[in-house]
Amino acid sequence: MQIAIIGAGVVGVTTAHALTRRGHRVTVIERLGAAGLETSRGNAGQRSYGYVYPWASPAMIKKALPWLVKPSGPLKMHLPPSPRTLRFLIATWRFANAPGLFETNKRAMLQLGAYSRQCFLELEESLAPSFDGQHAGLIDLASDAATAEGLKATSGLLDDLGITCQWLTPGELREAEPGLQGDAPLVGGLRIPGDGTGDCQRFTQALAAQCETLGVTFRYETEVVRVTRDKGRIRALSLVPSNGGGPAREGASESLEADAFVLCAGCRSRQLGEALGLDLPIYPVKGYSLTAPLLDPARAPRSTVIDDRYKVVATRLGDRLRATGFVELAEFDRNIPLSRLATIREAVESRFPGAADFEHADSWTGFRPMTPDGPPIIGQAKRDNLYLNTGHGTFGWTLSAASAELIGQLVDNDEPAVNLEAFRPGRFAR
Ligand SMILES: Cc1cc2nc3c(=O)[nH]c(=O)nc-3n(C[C@H](O)[C@H](O)[C@H](O)COP(=O)(O)OP(=O)(O)OC[C@H]3O[C@@H](n4cnc5c(N)ncnc54)[C@H](O)[C@@H]3O)c2cc1C
């Protein structure tokens, strides 16, 4: 089959790889100049298969107000909120309060995570040296008793799903992470030893290069602006040269025909969804990262460590440390306030003093393609030659290997390896 994929982030490229290995002829359309330049560029680097959860959580709703008012709190919102921000918040509130939905979706996401781990282990063998990839585990720290209780409750669900985890005391945490020498409060932490890390952008670009050797065509600096339908099916995409990330250039458009299409356009999937008659209420949830050279590897995290006070994630990527933070509702505002970076730095230095050279750090901001309930959108749309692999929110790097394989299974009419009910594209239809 001839298949066109929209978007060359980590999700589009893993999808291209899965489809080409199944014998399909694949073309990937990307508006920017290379793969992995948008949200897949500077994320926290955690492949947290055992630490995935829905955005719409009753616990998050309870904490939202204190987090919003505290200057270093992890949740931020531009005031006054835009109509779209308000619609997203109302939908989130509704999903968070739907009885049992959080638990059902969390279980579904963890099952997808476990499958993604299996897919990654197969996929990364040929790429491992090129993206600082590891499977050395993840630790979620608790600085107070209430957080510790919450983490211990999560460990019950992980046990139930066969995902190995361990509760560690402060002494055991320092054995696992010798650099954890800061004097910030610490009562324990949950370790998920099978989780992974890696530089998502390097992975995406290395996999795109491998895809090219397998025959995939990448059309960079090319934007999909329209869709042509014929007898209820999609027949072609209208393409125009893009403008370095700005609005598409005027000019003659070109038509790209294919037998099937996969939408992997991250935060921009909503607009394309409208052109396709689909309701994809994906909102760009902003975050920030700092990537600093290590000062002293012995003082740095060995893998991924999450600080519960700031929700800052610190990850070792080879000889660098990547730290990310904040969940901000600000539409597509690309400003990087110094105060946000200062909070991220303070969080890491209070746990891992002397680990990284933040004076020489690169800063970045990006947008999580978030659905109002939280699970990504994976499946076949009502028009039978359109597939969706988008809305991956906070966990697109983690879940990409699984969701790509699942799209391959759907295209080939194979039984999906994971139940896709929680990820159904039609679940937002009004
Ligand atoms: C601060 C932060 C930290 C994060 N940390 C983690 C983490 O530790 N682990 C994890 O698993 N996830 C993490 N994430 C989330 C993860 O980065 C995303 O879920 C993932 O990158 C989404 O990938 P994607 O391919 O769907 O989107 P993108 O990487 O944004 O790719 C979509 C591509 O589609 C292209 N496109 C869009 N519209 C069109 C069009 N009309 N025509 C042509 N091309 C188009 C875009 O240019 C873009 O390149 C984090 C995100 C942020 C912001």
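Residues numbered from 1 in each chain as written. Predicted model: local features only at pLDDT ≥ 70, side-chain atom pairs only at ≥ 80, totals over all residues. Heavy atoms only, no water.

### Some words on the sheet that holds strand β20 (residues 386-390)
Judged by pairing direction, the sheet is mixed, and its six strands sit side by side in the order β9-β2-β1-β13-β20-β19 without closing on themselves. Each edge of the sheet is formed by a strand with only one pairing partner; in this case those strands are β9 (217-219) and β19 (377-380). If you compare each strand with its neighbour and ignore which way they point, the axes differ by 20° on average. Along the sheet face, helix α10 (residues 396-411) touches β1 (2-6), β13 (260-263), β19 and β20 and points at about 170° away from the line of β20. (Pairing = 2+ DSSP bridges. Helix = DSSP H or I, 4+ residues; strand = E, 2+ residues; numbered from the N terminus. Axes fitted to C-alpha atoms, helices over the stretch in contact; angles between N-to-C directions. Contact = heavy atoms within 4.5 Å.)

### Thoughts on the sheet that holds strand β11 (residues 233-241)
Overall, antiparallel pairing links the three strands, which are arranged β10-β11-β12 in an open sheet. Either end of the sheet is taken by a strand with one partner, and the two such strands are β10 (222-230) and β12 (254-257). Across the sheet, the axes of successive neighbouring strands diverge by a mean angle of 30°, strand direction being ignored. Note: β10 against β11, eight bridges, orientation antiparallel.

### A short note on helix α9 (residues 338-351)
The terminal C-alpha atoms of α9 lie 20 Å apart, and with 14 residues this matches the ideal 20 Å at 1.5 Å per residue to within 8%. Among the residues making up α9, those that are buried are Arg340, Leu341, Thr343, Ile344, Ala347, Val348, Ser350 and Arg351. (Expected span 1.5 Å × (residues − 1). Buried < 20%, exposed > 50% of the residue type's maximum accessible area, 1.4 Å probe, protein only.)

### What about the packing of aromatic side chains?
The final tally for this structure, using the stated rule, is 14 aromatic pairs. Where Phe332 meets Phe367, the ring centres are 5.1 Å apart and the plane angle is 65°; that geometry is what we call edge-to-face. On the criterion of sequence distance, the pair formed by Phe332 in the loop between β17 (320-329) and α9 and Phe367 in strand β18 (residues 362-370) is long-range, its members being 35 residues apart. The exposure class assigned to Phe332 is partly exposed, which follows from its relative accessible area of 31%. Among the aromatic residues, those joined into a ring-pair cluster are Tyr49, Phe120, Phe131, Phe203 and Trp397. Sitting above the plane of the Phe332 ring, Arg268 keeps its charged end 5.8 Å from the centroid. (Phe/Tyr/Trp six-rings, centres within 6.5 Å; stacked < 30°, edge-to-face > 60°. Lys NZ or Arg CZ within 6 Å of the ring centre and 35° of its normal.)

### Brief notes about the domain arrangement of the protein
On domain assignment, one finds that the protein holds domain 1 (2-41 + 202-280 + 374-428) and domain 2 (51-98 + 132-194 + 283-370). Relative to domain 2, the C-alpha centre of domain 1 lies at a distance of 28 Å. If you look at the interface, domain 1 gives 17 residues, while domain 2 gives 18 residues. When the two sides are added together, the surface that domain 1 and domain 2 hide from each other amounts to roughly 1500 Å², 63% of it contributed by carbon and sulfur. For the pair domain 1 and domain 2, the number of links is two salt bridges. (Domains from an automatic or database assignment. Buried area = accessible area lost by both parts, 1.4 Å probe. Salt bridge = Lys/Arg side-chain N within 4 Å of Asp/Glu carboxyl O.)

### Quick notes on the site of the ligand
Not every one of the 39 residues close to the ligand is listed here, only the nearest: Glu30, Ser40, Gln46, Thr394 and Thr398. Within the backbone of Arg31, one N or O atom sits 3.1 Å away from a nitrogen atom of the ligand. Val224 places a polar main-chain atom, nitrogen or oxygen, 3.0 Å from a nitrogen atom of the ligand. Looking at the shell around the ligand, the elements with two or more residues in it are α1 (10-21), β10, β14 (283-293), β18 and α10. Per-element tally for the shell around the ligand: the top contributor is β18, with five residues. Here the shell around the ligand is built from residues that sort into 17 nonpolar, 16 polar and six charged. When we break the shell around the ligand down by domain, the ones giving at least three residues each are domain 1 (2-41 + 202-280 + 374-428) and domain 2 (51-98 + 132-194 + 283-370). (Near = heavy atom within 4 Å. Polar contact = N/O pair within 3.5 Å; in protein donor to acceptor, adjacent residues only side chain to side chain. Nonpolar A, V, L, I, M, F, W, Y, C, P; charged D, E, K, R; others polar.)

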